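If you want the building blocks of each chain, they are given just below.
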Amino acid sequence: MTKTVYAACPHDCPDACGVLISVDHGRAVKIQGDPSHPVTRGFLCAKVAKYLDRVYSPARVLYPMRRVAPKGNAAGLGHAFERISWDEALREITERFRTIIGQFGSEAILPYSYGGTLGKLNFASMDRRFFHRLGASQLARNICSEAGGAGVRSVYGVNMGTEPEQFRHSRYIIAWAANIHGNNVHLWPFIEEARRKGAKLVVIDPYRTRTAACADWHLAINPGTDVALALGMMHIIIRDKLYDADYVARYALGFDELRDKVQQYPPEKVCGWTGIAVPDIEKLAREYAEIRPAAIRMNYGVQRSENGGMAARAIAMLPVITGSWKEVGGGFQLSTSGAYGLNNAALERPDLMQVSLGRAARVINMVELGKALAESDNPPVKALFVYNSNPAAVCPNHNHVIRGLLRPDLFTVVHEQFFTDTTDYADITLPATTFFEHKELQSAYGHYYLQISNQAIDPLGECCSNVDLFRRLAERMGFTEECFRESVDEMIEGALESPNPWLRGITRERLENEGHIRLAFNPGNGEGAARAFLPFEDGGFRTPSGKAELYSEKLRDLGLDPVASFVPPDESRHRPGTKQYPLEMLARKADNFLNSTFTNLPGMQALEETGTLEISSADAQTRGIRDGDPVRVFNSRGAIELKAKVDGRVQPGVVAARLNWAKLTPGKKNINVLTSEKLTDIGQSATFYSVLVEVELCRHLGGHLPTTAV
Ligand SMILES: Nc1nc2c(c(=O)[nH]1)N[C@H]1C(S)=C(S)[C@@H](COP(=O)(O)OP(=O)(O)OC[C@H]3O[C@@H](n4cnc5c(=O)[nH]c(N)nc54)[C@H](O)[C@@H]3O)O[C@H]1N2
Ligand SMILES: Nc1nc2c(c(=O)[nH]1)N[C@H]1C(S)=C(S)[C@@H](COP(=O)(O)OP(=O)(O)OC[C@H]3O[C@@H](n4cnc5c(=O)[nH]c(N)nc54)[C@H](O)[C@@H]3O)O[C@H]1N2
Ligand SMILES: [Mo]
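Residues numbered from 1 in each chain as written. Chains lettered and ligands numbered in written order. Predicted model: local features only at pLDDT ≥ 70, side-chain atom pairs only at ≥ 80, totals over all residues. Heavy atoms only, no water.

1. Section: the packing of helix α13 (residues 267–274) against helix α14 (residues 278–290)
To describe two helices that pack against each other, one gives the angle between their axes and the distance between the axes. Relative to each other, α13 and α14 sit at 110°, their axes nearing to 9 Å. Taken together, the axes of α13 and α14 lie roughly perpendicular to each other. Of the residues in α14, those in contact with P267, E268, V270, C271 and T274 of α13 are V278, I281 and E282. Grouping the amino acids of the contact of α13 with α14 by side-chain chemistry returns five nonpolar, one polar and two charged. (Axes fitted to C-alpha atoms, helices over the stretch in contact; angles between N-to-C directions. Helix = DSSP H or I, 4+ residues; strand = E, 2+ residues; numbered from the N terminus. Parallel < 35°, antiparallel > 145°, perpendicular 65-115°, else oblique. Contact = heavy atoms within 4.5 Å. Nonpolar A, V, L, I, M, F, W, Y, C, P; charged D, E, K, R; others polar.)

Given below as structure tokens:
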């Protein structure tokens, strides 16, 4: 008897697909998209379509393990680890924690987690309760989106925007640093629908992505110069009186200051920074203001620059001054996450830090892991507990991170599904369930549907969900608070118990029956009503002033430009003293992996061309490099050997390479050896796309790269 289970993909992607899993005698036999999901509509990305290969991969971690070889050894049972029981594993972890707390205090323990799953419970609930009650250091989870989130919130007071379904009504769509084909593929059919009706798609991206190749117009902007372009567009829109004076007068604060500011961004100057020709800047600004409705899909690529917070802020101003928020198919989307308003405090219980410490614990930024492991004192970091993350692959300044992870006095626990780069440094590795093996509540950052993901199969081997793991650890630590005994269903109910009016009427039972439910934006109309959601049609901004803040007192108080201004990244060609490393490097994501997830599956490796450096023919020629040559890419932080690919996807001055596991890359180092721990202007996020490098031909290799062991 085959049964079909409704689940939701929890991977770190805006789309959060509704999926159907067919189960036969306890074994998952098929996965497909749920055709009834109004946004993801029954198709899956190449990665998740093959998810059975991932769940049943012979490479899964299935049992708790203890290290028996020196740290740094490529892992696996029988090589670096021996199998132990859960009882032994939990005993060793809690004993080590108690010793460390006794000697150094509880803040010597650092949890490290990010986006392995975005399921509400397994992303942040029992784990946070546990570490808060333990009094561990807090982790600022800023590796991805904080700069953009903070930039958008500085204008709107909340990070939400146009719903994806509305893009079908747009007539002008700007994909601004948004690799829609690669990273947000379920938006694409809505864009195609709009284009069939005559809409124009413009892509602003220094790299010729698949999305750019499909677009009507690709503007290959210089990396890190988007603030200047947005201010330049507003210069033209204000100069030519193409702005919506009525909307601005009613709902915006600081228009006069903005008008003064944009005087400094005439098209000629903007062209100098962005590399976009003056007539193109003029045309872009005019078309954006005049072809209505116009929607901007900005994604997080733009905020991985040193000035990324300001970039997000400046771009978010555009639909305010054009009044585009009034129109179905207008507006802007970076994220939809701000609309959910689930009860995170109930899930995470930050109040438990009062029990352990009587105060909030210190905060360590996950971007600066290398620095934290090397330099933290008072107390030093003596234990690292990694789950939902693979820092030995994804964290910037890889060499610095690895030096820290190799410290013999550092006790490292990794809860994982696979033997990743990070388990190579684990003292204890614990087996984690996939979303097939546990129940979840799922929100999204690219649409407005809440979902319940049901458990389809029993956990494989001795795998354990994040929720159950931290429940067990709490019990072993003797924590008596009721919250450590809450069931998954009670936690889901707690999350839904929130003052957010858009959650009204959405219960666990309803989610279980219906699978997905649209946030209740117009309750009078019945939830899921056809009426489009226009978040800022009548203002309704959640800033201190209640208006769209084109002038922000908060930014002024932080010593930043209260309007917006373009500050070139230190690591860019616009700054003097960059001769040594003259090329701007985009340390990109791969279209067929998800950050460092899926990289080890042969089916995914086959789809992705790994180990390449994309370089323009001009930059290749001056260095004597031909297509296919082995090259060394380096800067002061590190070096990596890759294969040159001269195919016109990057302009002169820019090179690009893709994220992969370090141990699957020639030389066992990945592109994060080149990236830095430097933080963004606003939001203290990572700067993966502000990286200067030099490239040279590897003559010693005689044209042949070492082959990769997969
Ligand atoms: N297939 C796949 N899907 C994914 C992911 C993945 O790894 N693979 N990752 C997921 C995650 S964690 C996230 S956060 C989202 C992110 O999704 P996106 O925000 O789309 O992420 P990125 O690929 O970082 O950046 C998008 C584009 O920005 C461009 N870019 C870089 N610098 C600049 C710049 O200075 N200006 C402009 N205008 N563009 C620039 C890059 O070339 C890139 O094509 O995608 C998610 N979805
Ligand atoms: N050079 C470069 N570096 C980057 C980026 C880039 O574009 N370029 N992107 C950055 C961005 S945007 C992000 S979001 C980060 C992402 O960084 P991470 O959040 O660390 O993402 P992943 O690399 O996908 O690693 C997640 C790990 O969690 C595991 N996992 C999945 N589900 C579970 C679970 O339920 N429980 C447990 N315990 N583990 C689970 C997976 O097997 C996987 O190994 O990387 C950043 N690093
Ligand atoms: Mo991300």
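2. Notes on the domain arrangement of the chain
Domain boundaries in the chain define domain 1 (86–144 + 350–443 + 460–486), domain 2 (147–334) and domain 3 (583–701). Domain 2 and domain 3 are separated by 28 Å when their C-alpha centres are compared. With 23 residues of domain 2 in contact, the opposing surface of domain 3 contributes 24 residues. Approximately 2000 Å² of surface area, both sides summed, lies buried where domain 2 meets domain 3, with 49% of it carried by carbon and sulfur atoms. In terms of surface lost to domain 3, no three residues of domain 2 exceed Y207, R304 and E306, which account for 40% of the buried area on that side. The partner of K678 in a salt bridge is E306, and the shortest N-O contact between them spans 3.1 Å. Our count for the domain 2 to domain 3 interface comes out at 16 residue pairs in polar contact (both at pLDDT 80 or more). Elements with a minimum of two residues in the side of domain 2 that touches domain 3: α6 (146–156), α7 (180–183) and α15 (308–321). Element by element, the count of residues in the side of domain 2 that touches domain 3 is highest for α15, at three residues. (Domains from an automatic or database assignment. Buried area = accessible area lost by both parts, 1.4 Å probe. Salt bridge = Lys/Arg side-chain N within 4 Å of Asp/Glu carboxyl O. Polar contact = N/O pair within 3.5 Å; in protein donor to acceptor, adjacent residues only side chain to side chain.)

3. Comments concerning empty space enclosed by the protein
Applying the stated criterion to the full structure yields four cavities of 30 Å³ or more. Considering only enclosed or pocket space, the second largest cavity measures out at about 50 Å³ in volume. Together, G611, T612, I640, L642, A657, R658, N660, T665, N670 and I671 line the second largest cavity. Counted by class, the lining of the second largest cavity contains four nonpolar, five polar and one charged residues. (1 Å grid on protein atoms, 1.4 Å probe; cavity = no way out; pocket = protein on both sides within 12 Å on 5 of 7 lines; lining within 4 Å. Points joined across faces, edges and corners; volume = space filled by probe spheres on them.)

4. Section: unusual backbone geometry
The residue after R292, namely P293, is reached through a cis peptide bond having omega -10°. Within the element layout of this structure, P293 appears in the loop between α14 and β12 (294–298). Between N378 and P379 the backbone carries a cis peptide bond, its omega angle lying at -10°. The phi torsion at A16 lies on the positive side, around 40°, for a residue other than glycine. Accessibility expressed as a relative area gives 6% for A16, which makes it buried. Non-glycine residue R41 carries a positive phi angle of around 45°. With respect to the helices and strands, R41 occurs in the loop between β3 (27–33) and α1 (46–49). (Buried < 20%, exposed > 50% of the residue type's maximum accessible area, 1.4 Å probe, protein only.)

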